[in-house]
Protein chains: 2
Amino acid sequence: MSRAKASTGGTRGFIVPIGGDGRRIRKASILRRFVQLCGGSRAHIAIVATVSEMPDAGYRYERAFRDLRVDRVSLLRFGTRADCESERDLEVLDSVDGIFLMGSETVHLSETLGNTSVAQKIRNRNAQGMHVAGTSTGAAFLPEQMIASGQSGTTPRADIVELAPGLGLIGQLIIDQHYRHQDRLGRLLMALTYNPLAIGIGLDEDTAAFIGPDHGLQVVGSGGITIVNPSQLQHSAIHPDRRHAPVSVIGLHLDILVEGDLYDLAAHRATIKR
Amino acid sequence: MSRAKASTGGTRGFIVPIGGDGRRIRKASILRRFVQLCGGSRAHIAIVATVSEMPDAGYRYERAFRDLRVDRVSLLRFGTRADCESERDLEVLDSVDGIFLMGSETVHLSETLGNTSVAQKIRNRNAQGMHVAGTSTGAAFLPEQMIASGQSGTTPRADIVELAPGLGLIGQLIIDQHYRHQDRLGRLLMALTYNPLAIGIGLDEDTAAFIGPDHGLQVVGSGGITIVNPSQLQHSAIHPDRRHAPVSVIGLHLDILVEGDLYDLAAHRATIKR
């Protein structure tokens, strides 16, 4: 399922998309779990930020990691594509145990990081065992394809969603975030209509999917994760001149998982925590 | 699937839940289709209203039916349970070809009409061939059970929905309305967790399900219908003291249908219009 292969024979690191809402995440079990994964207090974690509407948010996450007694936290800011070629920052990324990718306006992530040396470094190091978390649009950006923009609504319409290239850590996965309060099923279903080999994941706020190297996904956090399997999907024709018309989509398999539940992304099988 | 049986050997009438938004319905194809079903210009249609937040709405539907050249339109208002024993109104219901049930605050429908002579009359006459449409909460009220109140959100929680008895025209169906713009998947899924033998139907505004006596459902209108089949459903335990906690729900089958598409409620099979 992953595009990035471990060239040195290492086990790939975890991929941890988080549904957003920084305030609650910083208090909750998700960061703690990520820190444990990265080695606990001895971990070195890099917070990666591009242009953000909240310039202080990077410092707040830095403090949250320090509150969890992480020894070394590096805050890396990439404002332009040229920044993403900095040898010094690439060296930092070579030494960290985990990366925490902050959200931004979606196009900025793709436009700033896409196909740069930083993006290539993150892919290679994840394939060799470094863990990568991303929150909000930083979560959507982790797979090969991302939802770049879209509207709310339960019913899919051809014009409800725009896709863009993602970071490429994992293939055949479409991630949507801030899911619970923004009624995003329609745009996720429409994205899957364009990518019927992918699994769709809708992350509530303060909720994360910890995806291991074996393609096992475990839910951590206070909300739910909606998992849509479109492998049996059929849909009606999409007319180029009627892109706002609703589209029939039949044969979807839907699971909603909460903390502790598991999903096998290879076998498409959910297991509820007992 | 229906509770009311045709005692005189007639074929039961259509049941037509409509997702709401009176302004668009009055202009659109849904009323026209309902009038055709009832016999066209020679039809006699009763508009049934209980307490409404918009007291003029009954007159507007009356005019809409007259604009469709329906000869006889009777506007029946039932403000109290005592009103629902009126011999004169029961005689009108005995002679009509179709009933159009207006929306109201949900509890009013159940409290005013539930288990009255009017409710019994509508059940009996529907079993003998009279057609029954309902819009907004009037749609949700048609089956044996209805969603009486609930919150928005995609993720099911035990406290997200309250159920109440419906009119009882059809069993094993839970209908939710105003679906597209109000993010009601979570409450529909929670209602199905309590009723796993039922099929869940989420109706967008200006969209109707024409359900025939053979349990075939056809979509009419400008939006979509979300159909959730929980027959393979498993869910996590619901703790009485944690009713706001999200609930795992796995094994759901989801179809989204648009105008012209069909769903067989007995066989649980969707067919897309070609």
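Residues numbered from 1 in each chain as written. Chains lettered and ligands numbered in written order. Predicted model: local features only at pLDDT ≥ 70, side-chain atom pairs only at ≥ 80, totals over all residues. Heavy atoms only, no water.

Structural notes on the overall build of chain A
Phase 1: Counting secondary structure elements, chain A contains eight helices and 16 strands.
Phase 2: Since a compact globule built from 274 residues should have a radius of gyration of about 19 Å, the 18 Å found for chain A is in line with a globular shape.
Phase 3: For chain A, the spread of C-alpha atoms along the principal axes amounts to about 55 × 45 × 40 Å.
Phase 4: Expressed as a percentage of the 274 residues in chain A, the buried residues total 61%.
Phase 5: The contacts in chain A between residues at least 6 apart in sequence include a share of 75% that link residues at least 24 apart.
Phase 6: One finds the centroid of the 30 positive side-chain charges in chain A at a distance of 4 Å from the centroid of its 29 negative side-chain charges. (Helix = DSSP H or I, 4+ residues; strand = E, 2+ residues; numbered from the N terminus. Rg over C-alpha atoms; globule rule 2.2 N^0.38 Å. Buried < 20%, exposed > 50% of the residue type's maximum accessible area, 1.4 Å probe, protein only. Contact = heavy atoms within 4.5 Å. Lys, Arg positive; Asp, Glu negative; His and termini not counted. Charge placed at Lys NZ, Arg CZ, Asp CG, Glu CD.)

Considerations on the pattern of salt bridges
All names here are of chain A.
Phase 1: Tallied over the entire structure, the rule returns six salt bridges over all chains.
Phase 2: Residue Asp 176 pairs with Arg 187 through a salt bridge whose shortest N-O separation is 2.7 Å. With Asp 176 in strand β8 (residues 173–176) and Arg 187 in helix α8 (residues 185–194), this residue pair connects regions lying 11 residues apart in the sequence.
Phase 3: Residue Asp 176 is classed as buried on the basis of its relative accessible area of 0%. (Salt bridge = Lys/Arg side-chain N within 4 Å of Asp/Glu carboxyl O.)

Examining the relation of the copies chain A and chain B
Phase 1: For these two chains of identical sequence, chain A goes onto chain B by a turn of 180° and a shift of 0.0 Å along the axis, with RMSD 0.0 Å. Considering both components of the superposition, the chain copies are consistent with a two-fold axis.
Phase 2: Counting the interface residues of chain A, we find that 100% of their copies in chain B are interface residues as well, pointing to one common contact surface. (Least-squares fit on C-alpha atoms with pLDDT ≥ 70 in both.)

Observations concerning the packing of aromatic side chains
Think of a pair of aromatic rings as described by two things: how far the centres are apart, and how the planes are tilted against each other in angle.
Phase 1: Using the criterion set out here, one finds four aromatic pairs over all chains in the structure.
Phase 2: With 4.7 Å between their ring centres and 40° between their planes, A:Tyr61 and A:Phe100 make a pair best called tilted. Separated by 39 residues along the polypeptide, A:Tyr61 in helix α3 (residues 57–67) and A:Phe100 in strand β4 (residues 98–101) bring together distant segments of the chain.
Phase 3: The exposure class assigned to A:Tyr61 is buried, which follows from its relative accessible area of 4%.
Phase 4: Look at A:Phe100 and you get buried, because its relative accessible area is 0%.
Phase 5: Centroid distance B:Phe65 to B:Phe100: 5.6 Å. Interplanar angle 75°. Geometry classified as edge-to-face. In this pair, B:Phe65 is assigned in helix α3 (residues 57–67) and B:Phe100 in strand β4 (residues 98–101), connecting sequence segments 35 residues apart.
Phase 6: Take B:Phe65: its relative accessible area is 0%, and that puts it in the buried class.
Phase 7: By the ring-pair criterion, three or more aromatic residues cluster together here, those being A:Tyr61, A:Phe65 and A:Phe100. (Phe/Tyr/Trp six-rings, centres within 6.5 Å; stacked < 30°, edge-to-face > 60°.)

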